[in-house]
Amino acid sequence: MTSSTSTVAAPDRRILLALAALLGGAIAMGISPVFVRHAEVGPFTSAFWRVALALSLLGLWARLEAPRGAKSPPWNRATVIAGAVFAGDLIFWHLSIMNTTIANATFFATLAPVWVMLASRALINEPVTRAMLLGLGCCLAGAGLLLGTSLAHAPQRLGGDLYGLIASLFFGAYFLAIRFARRGGSGLGAGLLVFRSSLVTCAALFVVAVLLEDMLLPFSWTGVAALLAISLFSHVCGQGLLTFALGALSAGFSALVIFLEAVTAAIAGYLLLGEALTPMQIAGGAVILAGIYIARPRRQDG
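This section reports on the structure supplied with the text. (Residues numbered from 1 in each chain as written. Predicted model: local features only at pLDDT ≥ 70, side-chain atom pairs only at ≥ 80, totals over all residues. Heavy atoms only, no water.)

Evaluation of the coordinates by the stated rule reveals two cavities of 30 Å³ or more. When its volume is computed, the largest cavity comes out at roughly 150 Å³. Lining the largest cavity are 14 residues; nearest its centre among them are Asp 89, Trp 93, Ala 109, Phe 171 and Glu 261. Counting only elements with at least two residues in the lining of the largest cavity, the list comes to α5 (77-99), α9 (158-182) and α13 (257-272). (1 Å grid on protein atoms, 1.4 Å probe; cavity = no way out; pocket = protein on both sides within 12 Å on 5 of 7 lines; lining within 4 Å. Points joined across faces, edges and corners; volume = space filled by probe spheres on them. Helix = DSSP H or I, 4+ residues; strand = E, 2+ residues; numbered from the N terminus.)

What follows is the structure in structure tokens.
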């Protein structure tokens, strides 16, 4: 009896910890557009610094989590793919932020869970449950309510909207690659995985920034502070906590974290910028939370 109880309770604690990490990662990633707008460098350069400035802390995390005297596990293909597709996500996400409204960029980014759920079974052999699909539907409806009239349709913003759509494809691929790398006894801890994948991301973004932009440094301390903030909050905390959570949670459910970014952005606007929260936005946030609750992991029978 005691053994059975502890066997059930241990996974439950692990799931709860992963859910807490997922929530924290969503909050950290949700404020990134504000920092990108104040970085005083181009979208590719800000993406590069977001990752480059995080490497020292991520490397420390990877070292601290490794058992003393243990041999570091070898690199694998999923880690490289995760780093490469995340570079693509950041490139098109930052382009979207700079070329359309933050509301539009956020809305198109919320399509990533759609691609994750469509591809989960085929690419990483993870089932998508009916509850997850219902939760996704609720989250999409909630995002529409939350963003509401902030969404703007204008010909001059079509390019930025398209960038946001492409970013969602890359981000969906990132979820799948990280989930694949974290499961199956690969020996990769969250810190080592996010550090190694970030090395790949950083190298790719450096090449793009050098080739396509002519200013690699901000011209004031405000820009420096923005780059430090996006690195610490959005990458170390956001991506780090997300990678940790994907060790225990499915890619399909974890992808719903993107909708929490929209909720975070609305709350931040209310608390920090004095923006009003309309009843429709509050309802949208509530519907998103309900959708995530519906899709939540459930205890396995038996």
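So, next bit.
Counting 62 residues, the largest nonpolar core has Phe 171, Tyr 174, Phe 175, Leu 205, Leu 242, Leu 256 and Ile 288 as the members making the most contacts within it. For this core, the element with the highest residue contribution is α5, accounting for eight residues. (Core = buried A, V, L, I, M, F, W, Y, C linked by side-chain atoms within 4.5 Å. Buried < 20%, exposed > 50% of the residue type's maximum accessible area, 1.4 Å probe, protein only.)

Residue position: Ala 245 is located in helix α11 (residues 221-245). Take Ala 245: its relative accessible area is 0%, and that puts it in the buried class. As for Ala 245 and Leu 16, which are separated by 229 residues in sequence, their C-alpha atoms are 9.7 Å apart. With sequence-adjacent residues up to four places away left out, Ala 245 is seen in contact with Ala 18, Ala 21 and Leu 22. (Contact = heavy atoms within 4.5 Å.)

What follows concerns the environment of Leu 169. Here Leu 169 lies in helix α9. For Leu 169, a relative accessible area of 45% gives the class partly exposed. Taking the C-alpha atoms as reference points, Leu 169 and Leu 111, separated by 58 residues in sequence, lie 8.0 Å from one another.

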